[in-house]
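Residue-level structural notes
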Amino acid sequence: MSTAPRQRRKEARPQELLAAALTLFVEKGFAATRTEEVAALAGVSKGTLYLYYPSKEELFKAVIRENLSARIAEAVDLAAQHQGSVTDLLCHVMQAWWQQVGMGPAGGISKIMMAEARNFPDLARFYVDEVVQPIHRLLGGLIERGIASGEFRPVPPTETVQVLIGPMLHMILYQHSLGACRLHGPTIDAPAVLAVQVDLILRGLLAKPLGH
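Residues numbered from 1 in each chain as written. Predicted model: local features only at pLDDT ≥ 70, side-chain atom pairs only at ≥ 80, totals over all residues. Heavy atoms only, no water.

Its location among the elements puts Ser-110 in helix 6 (residues 108-116). If we ignore the near neighbours within four places in the chain, the residues touching Ser-110 are Tyr-127, Leu-169, Ile-172 and Leu-173. (Helix = DSSP H or I, 4+ residues; strand = E, 2+ residues; numbered from the N terminus. Contact = heavy atoms within 4.5 Å.)

It is worth spelling out helix 2 (residues 35-42) at this point. Restricting attention to buried positions, one finds in helix 2 the residues Thr-35, Glu-37, Val-38, Ala-39 and Ala-42. One or two steps after helix 2, the chain reaches Gly-43, where phi turns positive at roughly 80°. (Buried < 20%, exposed > 50% of the residue type's maximum accessible area, 1.4 Å probe, protein only.)

On to helix 8 (residues 157-175), then. Helix length check: helix 8, at 19 residues, gives a terminal C-alpha distance of 28 Å against a target of 27 Å (1.5 Å per residue), a fit within 8%. In the structure, helix 8 departs most strongly from a straight axis at Ile-165, where the bend amounts to approximately 30° and where the proline Pro-167 lies between one and four residues downstream. Buried within helix 8 we find Thr-160, Val-161, Leu-164, Met-168, Met-171, Ile-172 and Tyr-174. The inward-facing, buried residues of helix 8 contact helix 5 (86-102), helix 6, helix 7 (121-149) and helix 9 (190-205). (Expected span 1.5 Å × (residues − 1). Bend = angle between axes of the 7 residues up to and from the residue.)

This next bit is on the layout of surface pockets. Where empty space is left can be seen by rolling a probe of water-molecule size over the atoms. Size it by volume and the largest pocket reaches roughly 580 Å³. Taken together, 28 residues make up the lining of the largest pocket; nearest its centre are Trp-97, Ile-135, Leu-139, Ile-165 and Met-168. Those elements that provide at least two residues to the lining of the largest pocket are helix 4 (56-81), helix 5, helix 6, helix 7 and helix 8. Of the residues assigned to the lining of the largest pocket, the class counts are 20 nonpolar, 6 polar and 2 charged. Computed from the structure, the second largest pocket encloses a volume of approximately 200 Å³. Along its surface, the second largest pocket is lined by 13 residues, and Tyr-174, Gly-179, Pro-186, Thr-187 and Ile-188 are the ones closest to its centre. At 3 residues, helix 8 tops the list of elements feeding residues into the lining of the second largest pocket. (1 Å grid on protein atoms, 1.4 Å probe; cavity = no way out; pocket = protein on both sides within 12 Å on 5 of 7 lines; lining within 4 Å. Points joined across faces, edges and corners; volume = space filled by probe spheres on them. Nonpolar A, V, L, I, M, F, W, Y, C, P; charged D, E, K, R; others polar.)

On to the nonpolar core, then. Core analysis: the biggest nonpolar cluster contains 60 residues, and Phe-60, Leu-68, Leu-90 and Ile-109 have the highest contact counts within it. Breaking this core down by element, the ones donating at least two residues are helix 1 (4-28), helix 2, helix 4, helix 5, helix 6, helix 7, helix 8 and helix 9. When residues of this core are assigned to their parent elements, the largest contribution, 10 residues, is made by helix 7. Excluding its chain neighbours within four sequence positions, the residues that come into contact with Phe-60 are Phe-25, Phe-30, Ile-109, Ile-112, Met-113 and Leu-123. (Core = buried A, V, L, I, M, F, W, Y, C linked by side-chain atoms within 4.5 Å.)

Here Gly-102 lies in helix 5. Owing to a relative accessible area of 0%, Gly-102 belongs among the buried residues under this scheme. In sequence terms Gly-102 and Gln-175 are 73 residues apart; their C-alpha atoms lie 8.7 Å from each other. In this structure Gly-102 touches Trp-97, Ile-172 and Gln-175, once residues within four positions along its chain are discounted.

At a minimum axis separation of 10 Å, helix 4 and helix 7 run at an interaxial angle of 10°. Put simply, helix 4 runs roughly parallel to helix 7. For the pair helix 4 and helix 7, contact is made by Glu-57, Phe-60, Lys-61, Ile-64, Arg-65, Leu-68, Ser-69, Ile-72, Ala-75, Val-76 and Ala-79 and by Asp-122, Leu-123, Phe-126, Tyr-127, Glu-130, Val-131, Pro-134, Ile-135, Leu-138, Leu-142 and Arg-145, respectively. Of the residues belonging to the contact of helix 4 with helix 7, the class tally is 15 nonpolar, 1 polar and 6 charged. (Axes fitted to C-alpha atoms, helices over the stretch in contact; angles between N-to-C directions. Parallel < 35°, antiparallel > 145°, perpendicular 65-115°, else oblique.)

Structure (C-alpha cells):
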C-alpha cells in the first residue's frame, strides 16, 4: 500500500491547522477560541495540533507569520529589486496589501489585536515586532527613497507613514466589525476609497504636480 497520500496529508497539516486557526480567530477572537475547536475544524486531534504548535499563543503567532509577516517580506523583496518610479512602487505595495490582506480574513488579525492586545501583552509585542515595525520601516523607507531621488517633497517620513496606514486600517477594522454585521450603515467601496487615498497622497507627496 502506498504511503504517498498519507505523507502528503502529513505535510499539509501545518497549513490546514493555520487555515482553521485563522478562520476561528477572526470569527471568535483570540481569547474565545479553543484549541480543540481548531483541531476539529482541521480534522485532527488536539494532540496532533500540539505536535506542531505547543500552545494557543504559538498557534496565533504562526498565523501572524503566515498571513502577515510573509506578505511584508514579499513587499520588502520587491522594493529592494525595484528600479523604477517610487510612486509606482508605493501604489503597488498599498494595492497589493489590500488585495492580499485587507480583502480577506487575514485583515481580521488587526481587529483582534486592537481589541485584545491589552489582555495579551506578549502577543502585542510579537505583533509590533512582526507587523507594525516592519510595515513602518518599509513605507518609511519608500518615502525616504522618493525624497532622496527628488520624486517626493521633503515630508516627514514617520508622520507620512501614519497618513498612509490610517485609512486602510480603518477600512479593515470596519470590515471586520460593523461591516460584518450587515447593518444599513454607510457603504464602503474599499478599492474606490484606496484609489482616492493614493491619488490624494501622491498629489501631496510629489515634488512636481501630476501631469507636468
